[in-house]
Amino acid sequence: MDLNGNAHQSGLALRGIRVLDFTWIHAGPSATRILSDQGAEVIKVESNNALSVIGGPASATARGLGQRHNWNAGKLSISLNMKTAQAIDIAKRLAAVSDVVAENFSGRVMPSWGLDYDSIRAINPSIIMLSMSGFGRTGPWKDRVSYGQTLQAWSGFTQLTGFPDTDPSGPASAYSDATGGMAGAQAALLALMHRARTGRGQWLDVSQFESLSSLLETLVLDMSVNGATAVSSRTGNRLSYGGGAPHGAYRCKGEDRWVAITVFTDEEWRALVDVVGNPQWADDPRFATGEARERNADALDSLVESWTLQHTAEDVMSRLQAKGVAAGVVQTGEDLSRDPQLKEREFFRRVPDQQGVERIIESAPYKLSRTPGRATRGAPEFAADMTYVLRELLGMSDDEVEDCAIAGAFD
């Protein structure tokens, strides 16, 4: 059934699209995973000479158990030693029968194999090439190699993360990879739409730096307009340009348990005071108006936390929400794994790997009523699909395959 209760038309939006996937680590694989979920045949090129930090030669390795399945669910795997001429030739033959070639290397890698956009376009004029890098393929930083935490610092994110009296902390995970992956998938989808209309492919130059910088809200505008008086800075859990009070994360009963509370209006303030039990401090003139509460936010936070510490985070959340006050438990990974909303929408799903062992992966954060594609299996075993790709897809003979094997093309 679709979201309106009507029977959906089964199908996959990208059925018939083939992606030759040279990507590794997080950003690139998460981009091609989005395409795979909607039916694209994604052929992942892997090598023992350059094992991804995420995932090893088999899905059962320690590194392979987690994110290898998550970011590579539903894909195919072949092994190519790109240091050999035979492997490069196979890669070019695959590019000739693909719709998209995806890579997230530094700018020198694909040209060194003769697989830059102009070279691939010469053998497949309608090809779409997705190049994902830290800074893009132009500009003074185009040849720099980057990683998530350094990109977050360079983009300005780290400077904004933390409290006014502490050092910059930065996001705990590589958000630049996640945002870059979504930007890469979006670019590929736009290019496929353009090609469907015009028959023409194109080169997609995706910068993870720019993907992350686009999420900085008003930081650059504030600094460029207000200069030394700009308010964009580390403000902990509060909005830098004002946003009501109390507004923050407050400790609750139990070990490392917290709840986020946001009060914007006088009506919400009165509701919070009622839930807390109309304490004497609520009548303090310092908290009589929204402006006064913001001005005395530190003192107010201490008083609010003296109440939240007496209750569980779940209790605080439910009681405040019942009165129309925005509140939410600061959930841990364990909390999320049993969250009833995520469970109802099947966001975390179990899918079998090639050995039949069930693996937990994420679903897409959207539901399509007519093309509800999603991964039905975990990541492939290393080089599991050599026969299909070499024999069925490329039509290579036994002698050709044997010659390539002797030359070391299959790593």
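Rules used in this analysis
Residues numbered from 1 in each chain as written. Predicted model: local features only at pLDDT ≥ 70, side-chain atom pairs only at ≥ 80, totals over all residues. Heavy atoms only, no water. Pairing = 2+ DSSP bridges. Helix = DSSP H or I, 4+ residues; strand = E, 2+ residues; numbered from the N terminus. Axes fitted to C-alpha atoms, helices over the stretch in contact; angles between N-to-C directions. Contact = heavy atoms within 4.5 Å. Phe/Tyr/Trp six-rings, centres within 6.5 Å; stacked < 30°, edge-to-face > 60°. Lys NZ or Arg CZ within 6 Å of the ring centre and 35° of its normal. 1 Å grid on protein atoms, 1.4 Å probe; cavity = no way out; pocket = protein on both sides within 12 Å on 5 of 7 lines; lining within 4 Å. Points joined across faces, edges and corners; volume = space filled by probe spheres on them. Nonpolar A, V, L, I, M, F, W, Y, C, P; charged D, E, K, R; others polar. pLDDT = per-residue confidence, 0-100. Buried < 20%, exposed > 50% of the residue type's maximum accessible area, 1.4 Å probe, protein only. Core = buried A, V, L, I, M, F, W, Y, C linked by side-chain atoms within 4.5 Å. Parallel < 35°, antiparallel > 145°, perpendicular 65-115°, else oblique. Left-handed = near helix turned anticlockwise from the far one by under 90°. Salt bridge = Lys/Arg side-chain N within 4 Å of Asp/Glu carboxyl O.

> What should I look at first to understand the sheet that holds strand 7 (residues 247–251) in this one?
The strands making up a sheet associate through backbone hydrogen bonding, with each pair oriented either parallel or antiparallel. Ordered by their spatial adjacency, three strands build an open sheet running 7-8-9, and the pairing between neighbours is antiparallel. Each edge of the open sheet carries a strand with a single partner, namely strand 7 and strand 9 (326–329). Strand-to-strand twist across the sheet, computed as the mean angle between neighbouring axes with direction ignored, equals 20°. When strand 8 (residues 258–262) meets strand 9, the two strands line up antiparallel, connected through four bridges. The partner of Ile261 across the bridge, within strand 9, is Ala327. Across the sheet, helix 14 (residues 313–322) is in contact with strand 8 and strand 9; its angle to strand 9 comes to roughly 160°.

> Even after reading the chapter, I still don't get the packing of aromatic side chains, so can you show me in this structure?
Any two aromatic rings considered together are summarised by their centre-to-centre distance and by the angle between their planes. Considering all chains together, one arrives at nine aromatic pairs under this definition. Between the aromatic rings of Trp141 and Trp154, the centroid separation amounts to 4.6 Å while the plane-to-plane angle is 45°, which identifies the pairing as tilted. In this pair, Trp141 sits in the loop between strand 5 (128–133) and helix 6 (148–155) while Trp154 sits in helix 6, placing the two residues 13 residues apart along the sequence. Taken together, the ring pairs connect Phe135, Trp141, Trp154 and Phe209 into an aromatic cluster. Residue placement shows Arg144 over the ring face of Trp141; its charged tip is 4.3 Å from the ring centre.

> Hey, could you run me through the sheet that holds strand 4 (residues 100–103) in this one?
Reading across from one edge, 3-2-1-4-5-6 is the order of the six strands in this open sheet, with parallel pairing throughout. Of all the strands in the sheet, the pair left with one neighbour each is strand 3 (76–79) and strand 6 (203–207). Pairwise comparison of adjacent strand axes, ignoring direction, gives a mean angle of 20° for this sheet.

> Got a minute to help me understand the layout of surface pockets in this structure?
Gaps left between atoms show up when a probe the size of a water molecule is rolled over them. Approximately 1100 Å³ is the volume found for the largest pocket. If you trace the largest pocket, you find 38 residues lining it, with Ser30, Ile34, Met182, Glu362 and Pro365 closest to the centre. Where the lining of the largest pocket is concerned, the elements lending two or more residues are helix 1 (27–37), helix 2 (64–72), helix 8 (175–198) and strand 11 (358–362). It is helix 8 that provides the largest number of residues to the lining of the largest pocket, a total of twelve residues. Considering only residue class, the lining of the largest pocket consists of 23 nonpolar, eleven polar and four charged. Of the volumes computed, that of the second largest pocket is approximately 720 Å³.

> Can you help me understand the confidence of the model for the chain in this one?
Detailed reading of the predicted model is not advised wherever pLDDT is low. Overall, the predicted model of the chain reaches an average pLDDT of 89, with 91% of residues at or above 70. The low-confidence segment residues 1–9 (pLDDT under 50) makes 13 contacts with residues lying over four places distant or belonging to another chain.

> Just to check I follow, could you spell out unusual backbone geometry for this structure?
It is generally the case that most residues other than glycine have a negative phi and that most peptide bonds are trans. With an omega of 0°, the peptide bond between Ala245 and Pro246 qualifies as cis. Secondary-structure assignment places Pro246 in the loop between helix 10 (219–226) and strand 7. Located in the positive-phi region is Asp256, a residue other than glycine, with phi close to 55°. Tracing the backbone shows Asp256 in the loop between strand 7 and strand 8. With phi around 55°, Glu346 is a residue other than glycine that occupies positive phi space. Tracing the backbone through its elements, the reader meets Glu346 in the loop between helix 16 (340–344) and strand 10 (348–352). By relative accessible area, which is 43% here, Glu346 ends up partly exposed.

> What am I meant to see in the nonpolar core here?
In summary, soluble globular proteins display a tendency toward joint burial of nonpolar side chains. Counting residues in each nonpolar core, the largest one holds 33 residues, and the members touching the most others are Phe22, Met82, Leu94 and Trp113. For this core, the leading source of residues is helix 3 (residues 85–96), giving six residues. Residue contacts for Trp113: discarding those within four places in its chain leaves Phe22, Met82, Ile88, Lys92 and Phe105. Counting residues in each nonpolar core, the second largest holds 24 residues, with Val275, Ala282, Ala313 and Leu320 among its members.

> Explain the side chain of Ser133 here, please?
Structurally, the position occupied by Ser133 is in strand 5. Classification of Ser133 by relative accessible area gives buried; the value is 7%. Sequence-distant contacts of Ser133, that is, excluding residues within four places in its chain, are made with Phe105, Val206, Ser207 and Gln208.

> Got a minute to help me understand the packing of helix 1 against helix 8 in this structure?
Where helix 1 meets helix 8, the closest approach of the two axes is 7 Å, and the angle between their N-to-C directions is 45°. Looking at the two axes, helix 1 sits oblique to helix 8. Crossing handedness for the pair helix 1 and helix 8: right-handed. Only Asp177, Gly181, Met182, Gly184, Ala185, Ala188 and Leu189 of helix 8 make contact with helix 1, whose side of the interface consists of Ala27, Ser30, Ala31, Ile34 and Leu35. Class assignment for the residues of the contact of helix 1 with helix 8 results in eight nonpolar, three polar and one charged.

> Sorry, what's going on with the pattern of salt bridges here?
Any two side chains of opposite charge can pair, on the condition that their charged atoms come close. Following the criterion strictly, the structure yields 24 salt bridges and no others. A salt bridge links Arg93 to Glu400; its shortest N-O distance comes to 3.5 Å. In this pair, Arg93 sits in helix 3 while Glu400 sits in helix 18 (residues 398–406), placing the two residues 307 residues apart along the sequence. Salt-bridge contacts for Asp143 lead to Lys142; the nearest nitrogen and oxygen are separated by 3.4 Å. For Lys142, a relative accessible area of 34% gives the class partly exposed.

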